[in-house]
Amino acid sequence: MIGLAALYVLAGIMFAAFAVLSTLDGSHPKRFGNAAFWGLMALSLLGGDLIGDLGNGLLVLALAGLAGFGFIGRSTPATTGLEEREASSQRLGNRLFLPALIIPVTALLGTLAYNYTPLGETGLIEPKRETYVFLGLGVLLAIGAMFAWLRPPALAPLQEGRRLIDAIGWAAVLPQMLASLGVLFAAAGIGDAIGALTRMVIPDGSVFLTVVVFGLGMAIFTMVMGNAFAAFPVMAAAIGVPLLIQQYGGDPAVVGAIGMLAGFCGTLMTPMAANFNLVPAALLELKDQYGVIRAQVATSLPLLAINIGLIYVAAFR
Amino acid sequence: MIDYWPLIGIVLVVAGFAFRLNPMLVVTASAIVTGLIAGMGPVEVISTFGKAFNDNRIIAIVWIVLPVIGLLERYGLQQRAAAVIRSLRMATAGRLLILYLLYRQLTAAIGLHSTAGHPQTVRPLVAPMALAAAEKQHGELTEADVEEVKAQAAATDNVGLFFGEDIFFAIGSIVLIQATLATYGYDLAPLELALWAIPTAIAAFVIHGFRLLMLDRRLGRRLGS
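Residues numbered from 1 in each chain as written. Chains lettered and ligands numbered in written order. Predicted model: local features only at pLDDT ≥ 70, side-chain atom pairs only at ≥ 80, totals over all residues. Heavy atoms only, no water.

S.K.: Got a minute to help me understand a nonpolar patch on the surface in this structure?
M.R.: A contiguous nonpolar surface patch, about 620 Å² in accessible area, is contributed by L98, L101, V105, L109, L112 and Y116 of chain A. The exposure class of L98 of chain A is exposed, given its relative accessible area of 55%. (Patch = residues over 30% accessible without salt bridge, like charges linked within 9 Å, V, L, I, M, F, W, Y side chains within 5 Å. Areas by Shrake-Rupley, 256 points an atom, 1.4 Å probe, with all protein chains shown as cover. Salt bridge = Lys/Arg side-chain N within 4 Å of Asp/Glu carboxyl O. Buried < 20%, exposed > 50% of the residue type's maximum accessible area, 1.4 Å probe, protein only.)

See below:
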């Protein structure tokens, strides 16, 4: 069966190649730091299940140390210059979009085929992971198509990939670190503490103010955890179910669905949601690592107010 | 009795981000401190952290698209995307991003949320297209304008994804809401929850779309065209 395990191998081989190419890059001032960093990612993806929990923990500490103390940096593998790219873009024309569409189209058609044709029942593909599997397939098809059409140097995909991953740097690993921090937060009972604190500020008897605290609590706790999924069970247990649904008779579907969306407003405003907010800042080479968050605040706050209003109006109609 | 001491872990993270310390160190320090306060031993803390990292490797898979994106850039995809936009008379940065917002919300609403994203679509296509549209309309952009247009391209992807995906009933957040409320005896159909995501999706489109139109006007004013 093709599933996550195969994708870990694919990604692991790619990171291992990045590590090797970093080591060989004589023009890179921090080549050994980068090689160690991507090498550890390769080890995690290829052998994470073999090195034990403590081994993984030490691996994470090493990644944090390499990133945190400045041992990794950008690289400049040989690629094309701006003028060459402009010329190539004119020469190849809009056909250049075709290989770019292979990944999304493969993921799209594959997912549809998995769900609506007998392909899903063959057991060839791991259930619930089909989009990832087709994403991986799309990557391989796109690389194959580009080799057949444009005949780039053999190492070009890996060198170009290394150029991009080095531009992103540690931000590529941060989302995984934050997800792990969330696990420790949960184990330490941070959810219970936040829930208890929120209950303290609720005024008795006012449905409207309770809705406000619920909505704000979802947004703020999501900002702290970086993820509305972690906030929802806590806020549901503290306010949503006992007060809004049970005491005041609110519609559970509205409280649940729109409460979660109030949390999403928080996701737009926090660096803890690194993969949505910090990674794109690195990927687009913004000067301000909080630039994406800044761009989102003025959408998020009015939307949060609307969500709170919607819960009040729709749940207690 | 509720134990409030683990909240120190949150204080550390907030302070670390506020002072712009390296997030990798901030997160690691907070994880260790939180674990120790919660009564774990040092080895147990590191093991728990490592196990969680290993369990979340799925997050790293998306980077397999980078070799393809880099290869396309090598042959001028960003320039091609910009050229197409320059050939469209009506294109502005704001209108283009509104179109992408709609596309992202609609595809996410039918469960195709992983087919677009910051590495797959924003860096190679959406951001260069938005920049080209802004330049075509207003001439040479200042560095601050370039920053703002790029940041809005990323923001538009996020807004479209977040406020589209919950309309699709078979997504993680809907399953989580349903499972959480089911433990209290409220048995809701996923479809019922997904329907209540629609009003917010419309509001998100209106608010963010309005801001994108304002972006066009602001760029125009600043550049005097």
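S.K.: Is there a simple way to explain the interface of chain A and chain B in this structure?
M.R.: Reports of interface size often rely on the accessible area that becomes lost once the parts have come together. Contact with chain A, which involves 142 residues of that partner, is made by 103 residues of chain B. Buried area between chain A and chain B, both sides added, is near 11100 Å², and the carbon and sulfur share of it is 76%. On the chain A side of the interface with chain B, the three residues burying the most area are Q176, L184 and L284 of chain A, jointly 6% of the side's total. Joining chain A to chain B, the criterion identifies six salt bridges. Residue R57 of chain B is joined to D49 of chain A by a salt bridge in which the shortest nitrogen-to-oxygen separation is 3.2 Å. Applying the counting rule to chain A against chain B returns 30 residue pairs in polar contact (both at pLDDT 80 or more). Here the side of chain A that touches chain B takes 13 residues from helix α14 (residues 291-315) of chain A, the largest share from any one element. Looking at side-chain class alone, the side of chain A that touches chain B contains 100 nonpolar, 27 polar and 15 charged residues. (Contact = heavy atoms within 4.5 Å. Buried area = accessible area lost by both parts, 1.4 Å probe. Polar contact = N/O pair within 3.5 Å; in protein donor to acceptor, adjacent residues only side chain to side chain. Helix = DSSP H or I, 4+ residues; strand = E, 2+ residues; numbered from the N terminus. Nonpolar A, V, L, I, M, F, W, Y, C, P; charged D, E, K, R; others polar.)

S.K.: Sorry if this is basic, but what is going on with unusual backbone geometry here?
M.R.: One can expect most non-glycine residues to show negative phi and most peptide bonds to be in trans. Phi is positive for R151 of chain A, which is not a glycine, with a value near 45°. Relative to the assigned elements, R151 of chain A resides in the loop between α6 (130-150) and α7 (156-168). In the Ramachandran plot, R20 of chain B falls in the positive-phi region, its phi being about 55° despite a non-glycine side chain. With respect to the helices and strands, R20 of chain B occurs in the loop between α1 (7-18) and α2 (23-37). Residue R20 of chain B is classed as partly exposed on the basis of its relative accessible area of 41%.

S.K.: Hey, could you run me through the pattern of salt bridges in this one?
M.R.: Any two side chains of opposite charge can pair if their charged atoms end up close together. Evaluation of the coordinates by the stated rule reveals 15 salt bridges over all chains. Between D25 of chain A and R162 of chain A there is a salt bridge, with its nearest N and O atoms 3.1 Å apart. With D25 of chain A in the loop between α1 (4-24) and α2 (31-47) and R162 of chain A in helix α7, this pair connects stretches of sequence that are 137 residues apart. For the pair shown, D25 of chain A and R162 of chain A are each scored as buried. Residues R104 of chain B and D157 of chain B are paired through a salt bridge, measuring 2.8 Å at the closest nitrogen-oxygen approach. Of this pair, R104 of chain B sits in helix α6 (residues 93-109) while D157 of chain B sits in helix α8 (residues 143-165), and the two are 53 residues apart along the sequence. Owing to a relative accessible area of 1%, R104 of chain B belongs among the buried residues under this scheme.

S.K.: When you look at helix α3 (residues 42-55) of chain B in this model, what are you seeing that I'm missing?
M.R.: In an α-helix, one turn spans 3.6 residues, which is why side chains three or four residues apart end up on the same side. With 14 residues, α3 of chain B extends 20 Å between its outermost C-alpha atoms, agreeing within 8% with the 20 Å of an ideal straight helix rising 1.5 Å per residue. For α3 of chain B, every residue scored as buried is listed here: V45, I46, S47, F49, G50, A52, F53 and N54 of chain B. Packed against the buried residues of α3 of chain B are α2, α3 (52-68) and α8 (174-187) of chain A together with α2 of chain B. (Expected span 1.5 Å × (residues − 1).)

S.K.: Looking at this model, I keep getting lost on the layout of surface pockets. Mind explaining?
M.R.: Empty space among the atoms becomes visible once a probe the size of a water molecule is rolled across them. Here the second largest pocket defines a volume of roughly 680 Å³. Within the residue set of the lining of the second largest pocket, elements represented by two or more residues are α4 (82-92) of chain A together with α5 (77-86), α7 (118-138) and α8 of chain B. Per-element accounting of the lining of the second largest pocket gives the leading share, six residues, to α7 of chain B. Broken down by class, the residue content of the lining of the second largest pocket amounts to nine nonpolar, five polar and nine charged. (1 Å grid on protein atoms, 1.4 Å probe; cavity = no way out; pocket = protein on both sides within 12 Å on 5 of 7 lines; lining within 4 Å. Points joined across faces, edges and corners; volume = space filled by probe spheres on them.)

S.K.: Help me understand the nonpolar core, please; the structure alone is not making it clear to me.
M.R.: Proteins that are soluble and globular tend to have nonpolar side chains buried together. Core analysis: the largest hydrophobic core is formed by 175 residues, its most contacted members being F15, W38 and M177 of chain A together with F163 of chain B. A total of twelve residues in this core trace back to one element, the largest contributor, which is helix α11 (residues 228-247) of chain A. With near-sequence residues (within four places) excluded, F15 of chain A lies in contact with W38, M41, A42, L45 and I165 of chain A together with A60 and W63 of chain B. (Core = buried A, V, L, I, M, F, W, Y, C linked by side-chain atoms within 4.5 Å.)

S.K.: Just to check I follow, could you spell out empty space enclosed by the protein for this structure?
M.R.: Tallied over the entire structure, the rule returns one cavity of 30 Å³ or more. Counted as a void, the largest cavity has a volume near 30 Å³. Looking at the lining of the largest cavity, its residues break down into seven nonpolar, two polar and no charged.

S.K.: Honestly, the side chain of R123 of chain B in this entry has me stumped. Any pointers?
M.R.: For R123 of chain B, the location among the structural elements is in helix α7. Of the residues examined, R123 of chain B reaches a relative accessible area of 9% and is grouped as buried. Within the local environment of R123 of chain B, its side chain forms a polar contact with the side chain of E285 of chain A, the two groups lying 2.9 Å apart.

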